[in-house]
Every structure is written in C-alpha cells, then in structure tokens.
Protein chains: 2
Amino acid sequence: MLVKLKIKYIQSLGQKKFRDAEGVFIAEGPKIIKELLASENTRLINVFAVEEWMETNRSLIKNFSSDDIVKISDSELERISFLQTPNQVLGIFAKPIFNADFDDAKIMLLLDEIQDPGNMGTLIRTADWFGIKKIICSNNSADVFNPKVVQSSMGSIAHVKIVYEDLRSFIHGHPEVPVYATTLHGDDIFKIEKIKNGFILIGNESKGICEELLSLATHQITIPKSGDAESLNAAVAAAIVMAVLV
Amino acid sequence: MLVKLKIKYIQSLGQKKFRDAEGVFIAEGPKIIKELLASENTRLINVFAVEEWMETNRSLIKNFSSDDIVKISDSELERISFLQTPNQVLGIFAKPIFNADFDDAKIMLLLDEIQDPGNMGTLIRTADWFGIKKIICSNNSADVFNPKVVQSSMGSIAHVKIVYEDLRSFIHGHPEVPVYATTLHGDDIFKIEKIKNGFILIGNESKGICEELLSLATHQITIPKSGDAESLNAAVAAAIVMAVLV
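Residues numbered from 1 in each chain as written. Chains lettered and ligands numbered in written order. Predicted model: local features only at pLDDT ≥ 70, side-chain atom pairs only at ≥ 80, totals over all residues. Heavy atoms only, no water.

1. As for the domain arrangement of chain A
Residue and element names in this part refer to chain A. Each assigned domain of chain A is listed with its residue range as follows: domain 1 (4–94) and domain 2 (107–245). The C-alpha centroid of domain 2 is placed 30 Å from the C-alpha centroid of domain 1. Every contact between the two is made by 15 residues of domain 1 and, on the other side, 13 residues of domain 2. With both chains or domains summed, domain 1 and domain 2 bury close to 1,200 Å², and 62% of this area falls on carbon and sulfur atoms. (Domains from an automatic or database assignment. Contact = heavy atoms within 4.5 Å. Buried area = accessible area lost by both parts, 1.4 Å probe.)

This is how it looks when you write it as structure tokens:
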C-alpha cells in the first residue's frame with residue numbers, strides 16, 4: 001500500500017525543482033522500465049507496479065529486494081501516474097550525471113534551446129536509432145527528465161548520455177571538431193559526404209540557432225525544399241540530417 | 001463584444017462531432033490565419049482578433065466585411081482560445097472537401113491510423129515542405145481539423161489537400177501506382193532511386209501498418225539503423241522517407 005506522503009512525493013517529481021533537489025526522475029510503462037532496469041546509465045530507486053506487471057516480470061524482479069519493488073493497486077497507480085492511461089508500472093530512478101567528454105562519441109547532437117518536451121524526447125529516440133551516444137543541451141533547453149520527455153524518448157533515455165553545457169564554451173573547447181548547423185540557406189545535405197566525426201547543431205523551434213552559435217559553425221547545411229511550408233519541425237529536420245549524414 | 005452563446009459555440013468546436021455538424025474548423029495565431037485567408041482550399045466564416053492584430057493587418061482586412069472580422073478584447077480571446085498562450089487571433093473556416101483523385105498529385109502520403117494530433121500536424125507540415133499536395137488518411141486516423149493538428153501543421157493545412165478514405169479500396173483502385181511501405185525489414189531507402197510517382201504508406205504509432213495494407217505494398221522499405229532504439233517516431237520515419245525518395 002502507498003501512504004499519502006509517498007503519493008505526494010511522487011506527484012512532486014513532476015516538477016523540475018523537486019527532481020533536481022532529489023536527484024531522481026520518473027519513468028512509466030513496461031517497455032521503458034525494462035530498458036532502464038537494464039541500463040548502465042542509471043540505477044533504480046523504486047518501482048511501483050500492479051500485480052499484472054509483477055507476474056510477467058518475475059525473472060527481472062528477482063534481482064531486486066522487496067523494498068525496491070512495491071506492489072500497488074490499479075487505483076493507487078492512477079493516483080501517482082503522469083499518463084492519461086496509466087500503464088502497469090512507474091519507476092523512480094537516479095538522475096545520471098555524465099561529463100561532456102568527446103572520446104566515446106564520434107558524432108554528437110548539440111541542442112540550442114529545444115523547448116517542446118515531445119520534440120526533445122523524439123530527438124533522443126532518433127539519435128539512439130542512428131547510434132549517436134551523447135547529446136549536449138544548452139542550459140536553457142527543456143529538462144530531459146521531464147516525464148513527457150522520458151515518455152516520448154520511448155526508452156532511449158536509457159541508452160543516450162545527455163549533458164547540459166554552455167554550447168559556446170563547449171564548441172570553443174573543441175576547435176578541431178567540425179560543426180554542422182542546419183539553416184535555411186546552407187549547402188544541400190544530399191551533396192555532402194557522410195561524416196565520421198562532428199557536432200550537429202539544432203536550433204530552437206521558432207528562433208532557430210542563435211547568431212552567436214551560428215557564427216561558430218564550420219558548415220551551414222540545408223534540407224532542400226520543393227513545396228510551400230516555411231520550415232520543418234526541429235525534431236524532423238534533425239532526423240533528416242542524422243539519416244543523411246551519420 | 002462576444003455574446004455568451006458565441007463563446008459557447010466556439011468552445012464546442014473543440015469537439016469533432018460539432019465541427020462535423022457545422023462543417024467548420026478553428027485555427028489560431030497570425031501566421032496560420034494569414035495562410036488560411038490566402039488559401040484557395042478553404043473560405044473564411046469569422047475572424048475574432050484583438051486590436052494589435054487589426055492594426056497590423058489592415059490591408060488584409062479590407063477585403064472582408066466587418067461581419068467577417070470581429071474585434072474582441074484580450075480577455076475574450078482568452079475565453080475562446082484553445083492555446084495555452086492565446087495569440088492575437090482566432091478564425092473559423094469552412095472545412096474543405098476534396099476528392100481522392102490522383103491527377104494533381106504525383107506522390108501521395110497514405111496514413112494508416114495515425115493517432116497523435118502532433119504527429120498528424122507534423123506529417124502535413126513535412127509533406128508540404130517536400131511538395132506533396134495530397135494526403136489520404138484511413139477513416140480511423142486522427143481528425144486533421146482537431147485544433148492541435150491545425151496548430152502543429154504550422155499553416156500547411158492551408159496548402160495540402162487531405163481526404164479520408166478506406167485505404168484498401170483506394171490502393172485497389174490504383175493498381176498501376178507503386179506502393180512504398182515503411183517496415184523494419186525492407187530494402188535500404190538509401191539504395192532506392194528517387195520516385196516520380198507513388199504512394200508512401202505510413203503506419204500507426206505503435207502497431208505500424210496493418211497486415212492487410214502491407215500485403216498490398218509493392219515495395220517494403222527501411223531506414224537503416226545503427227544504434228539501439230527499437231523504432232522511430234512515425235512522423236520522423238515518414239519525414240526521412242520523404243526527404244530521401246521524393
């Protein structure tokens with residue numbers, strides 16, 4: 001059973017200030033929980049699950065103590081879930097802290113003020129598909145541990161290392177690495193060779209990449225347009241660039 | 001000033017049954033309203049705008065009567081807006097009805113049960129970027145006149161013709177047209193030539209393309225994966241396919 005205080009505690013983790021203070025984040029649903037339990041990037045604090053999940057995940061559960069994995073009722077899950085349709089299990093995990101080293105990641109995404117949680121989650125998922133292991137977010141980007149981001153990353157938050165940094169200093173710290181910036185008037189991405197190392201810089205949903213960062217780009221690249229839309233969604237543009245260049 | 005009854009009427013248009021009964025839809029914000037007022041695909045029923053919008057759009061307004069364009073206060077806009085942050089202007093437009101003819105569209109998107117409004121809007125916007133002029137949605141797809149879809153299409157709903165049809169009969173009706181279906185085990189899209197005509201079939205967010213439709217595909221295609229994600233977001237996968245094939 002869940003005491004009131006625990007329910008309030010879990011609900012508070014919807015807010016960044018409480019996640020930061022506690023150093024934890026929330027994930028929901030069998031798929032993401034399974035990926036996070038298997039991930040080296042984080043460690044389990046608590047899982048709260050209904051009987052159905054307990055039954056189908058016995059082999060997974062046996063590595064943990066009964067303090068770690070708490071059985072709850074459907075109505076308790078409804079009270080703590082951040083989803084419109086609660087999905088069997090909710091977990092609290094330690095927020096991992098990574099460094100911005102470039103050694104283990106040949107190509108990185110650099111995100112300049114991505115604001116929409118759905119876009120952020122989709123960017124993480126797409127990077128994971130194309131084997132990009134590290135993402136550097138500007139300090140004014142959306143929090144990747146927001147429950148909506150975790151959810152829309154579809155488990156990829158367990159595979160990709162994410163760091164918040166001042167992007168200007170970060171780029172200055174790696175003068176030898178080419179920086180590819182997506183703009184509306186750059187070189188056609190289909191005329192560029194695949195890259196072996198580099199930073200792919202993606203800008204804010206409405207403002208694009210800020211001037212200061214754009215001036216640090218070594219390559220301005222563009223997805224050729226043949227229709228009437230003024231722009232592409234930021235996560236879509238990044239996905240096309242990754243598909244073509246990585 | 002807005003009477004109570006009008007406010008209730010506008011609020012009711014958030015629901016599909018009332019949009020269908022009235023044959024109208026809602027759009028918000030200066031950019032989308034401008035695109036829709038200029039579009040041949042729809043016609044204006046009413047615009048409700050605050051003074052700021054009236055002032056900056058005088059030349060646009062002068063083509064319409066004062067019955068068409070109604071000045072309202074900020075607090076009135078807040079009451080009728082479907083946005084978290086209301087944005088100067090809300091318009092009611094006639095829902096356009098198109099046929100599924102293939103003559104004016106060489107390449108079409110076929111959407112099989114796309115459910116998420118954000119994905120649907122992004123698909124319309126991306127199709128518009130790549131010059132795809134018509135989209136056929138299965139009858140169980142999300143309503144493209146849902147305010148969230150209209151908003152995330154970023155004005156492209158004014159450029160792209162959208163039709164709801166039974167996809168099985170539609171494909172059967174065009175036996176000469178190649179059907180490209182995105183699956184996890186098809187041919188590498190980067191080894192396929194650009195296409196001049198064809199249907200690009202995109203499946204539901206979690207179930208993919210239904211078996212029956214998949215059996216009608218002439219080409220199964222795949223976006224090669226080099227990382228750990230299990231799948232790509234539907235709108236992202238469609239965007240990569242359009243970028244590479246169209």
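Having seen the model, we can carry on.
2. As for the interface of chain B and chain A
Every contact between the two is made by 31 residues of chain B and, on the other side, 31 residues of chain A. For the pair chain B and chain A, the summed buried surface comes to about 2,700 Å²; carbon and sulfur atoms form 63% of the total. The interface formed by chain B and chain A holds two salt bridges in total. Two residues, B:Lys133 and A:Asp228, come together in a salt bridge whose shortest N-O distance is 2.8 Å. In this assembly, chain B and chain A are joined by 18 residue pairs in polar contact (both at pLDDT 80 or more). (Salt bridge = Lys/Arg side-chain N within 4 Å of Asp/Glu carboxyl O. Polar contact = N/O pair within 3.5 Å; in protein donor to acceptor, adjacent residues only side chain to side chain.)

3. Some points on the side chain of B:Asn46
Residues and elements named next belong to chain B. Mapped onto the secondary structure, Asn46 falls in strand β2 (residues 44–49). There is a polar contact of 3.1 Å between the side chain of Asn46 and the backbone oxygen of Asp68. Non-local contacts of Asn46, meaning those with residues more than four positions away in its chain, are made with Lys6, Asp67, Asp68, Val70, Leu90, Gly91 and Ile92. (Helix = DSSP H or I, 4+ residues; strand = E, 2+ residues; numbered from the N terminus.)

4. Observations regarding the sheet that holds strand β9 (residues 198–202) of chain B
Residue and element names in this part refer to chain B. With parallel pairing, the six strands of this open sheet are ordered in space as β7-β6-β5-β9-β8-β10. Where the open sheet ends on each side, the last strands, each with one partner, are β7 (161–165) and β10 (219–222). The mean inter-strand angle of the sheet, taken between neighbouring strand axes irrespective of direction, is 35 degrees. Relative to β10, strand β8 (residues 179–188) runs parallel, the two being bridged by five bridges. (Pairing = 2+ DSSP bridges. Axes fitted to C-alpha atoms, helices over the stretch in contact; angles between N-to-C directions.)

5. Re the pairing of β8(B)
Of the pairings in the sheet, the one linking β8(B) to β9(B) comprises three bridges and is parallel in character. Looking at the pairing, B:Val179 lines up with B:Phe199 of β9(B).

6. A closer look at the relation of the copies chain B and chain A
Note on the identical chains: chain B maps onto chain A by a rotation of 180 degrees and an axial translation of 0.0 Å, with an RMSD of 0.0 Å. As the rotation angle and translation indicate, the two copies are arranged about a two-fold axis. The share of interface residues of chain B whose copies in chain A are also at the interface is 100%, consistent with both copies meeting through the same surface. (Least-squares fit on C-alpha atoms with pLDDT ≥ 70 in both.)

7. A few points about the state of the cysteines
Tallying each qualifying case throughout the model produces zero disulfides over all chains. The thiol of A:Cys137 is unpaired, and the distance to the nearest cysteine sulfur, on A:Cys210, comes to 14 Å. (Disulfide = S-S within 2.5 Å.)

8. Considerations on the sheet that holds strand β5 (residues 107–111) of chain A
Residue and element names in this part refer to chain A. Pairing in this open sheet of six strands is parallel, and the strands run β7-β6-β5-β9-β8-β10 from one edge to the other. Of all the strands in the sheet, the pair left with one neighbour each is β7 (161–164) and β10 (219–222). Sheet twist, expressed as the mean angle between neighbouring strand axes with direction ignored, is 35 degrees.

9. A closer look at the nonpolar core
Soluble globular proteins: nonpolar side chains tend toward being buried together. A:Trp53, A:Leu109, A:Ile240, B:Leu109 and B:Ile240 are the most contacted members of the largest nonpolar core, which totals 116 residues. Residues contacting A:Ile240, with those up to four places away along its chain left out, are A:Ile189, A:Ile223, A:Leu232, B:Phe130, B:Ala239, B:Ile240 and B:Ala243. Ranked by size, the runner-up nonpolar core spans 18 residues in total, among them A:Phe98, A:Val163, A:Val177 and A:Ala217. (Core = buried A, V, L, I, M, F, W, Y, C linked by side-chain atoms within 4.5 Å. Buried < 20%, exposed > 50% of the residue type's maximum accessible area, 1.4 Å probe, protein only.)

10. With respect to the pattern of salt bridges
Side chains that differ in charge, positive against negative, can pair when their charged atoms come close. Summed over all chains, the structure comprises 18 salt bridges over all chains. Salt-bridge contacts for B:Glu55 lead to B:Arg58; the nearest nitrogen and oxygen are separated by 2.7 Å. Connected via shared salt-bridge partners are A:Lys16, A:Asp20 and A:Lys95.

11. What to know about the pairing of strand β6 (residues 134–138) of chain B
Residues and elements named next belong to chain B. With respect to burial, β6 is a largely interior element, five of its five residues being buried. Burial along β6 is two-sided: Lys134, Ile136 and Ser138 facing one way and Ile135 and Cys137 facing the other are all buried. Note: strand β5 (residues 107–111) against β6, three bridges, orientation parallel. Each residue of the ladder has a partner; that of Leu109, found in β6, is Ile135. As a crossover connection, the stretch from β5 through helix α7 (residues 117–129) into β6 is right-handed. In the sheet, β6 pairs with β7 via five bridges, with the strands oriented parallel. Across the sheet, residue Ile136 finds its bridge partner in β7, namely Val163. (Right-handed = clockwise from strand over helix to strand, strands pointing away.)

12. So, the packing of helix α7 (residues 117–129) of chain A against helix α11 (residues 234–245) of chain A
Residues and elements named next belong to chain A. Two elements in contact, α7 and α11, have axes separated by 9 Å at closest approach and are oriented at 10 degrees. Between α7 and α11, the crossing angle belongs to the class labelled roughly parallel. Of the residues in α11, those touching α7 at Asn119, Thr122, Leu123, Thr126 and Ala127 are Ala234, Ala235, Ala238, Ala239 and Met242. (Parallel < 35°, antiparallel > 145°, perpendicular 65-115°, else oblique.)

13. Remarks on helix α1 (residues 4–12) of chain A
Along α1(A), the positions that sit buried rather than exposed are A:Ile7, A:Ile10 and A:Ser12. Looking at the buried residues of α1(A), the elements they touch are α2 (16–22), β1 (24–28), β2 (44–49), α6 (74–80) and β4 (89–94) of chain A.

14. Re helix α3 (residues 30–38) of chain B
For α3(B), the full list of buried residues reads B:Ile32, B:Ile33, B:Glu35, B:Leu36 and B:Leu37. Against β1 (24–28), β2, α4 (51–56), α5 (58–61), β4 (89–94) and α8 (147–152) of chain B lie the buried residues of α3(B).

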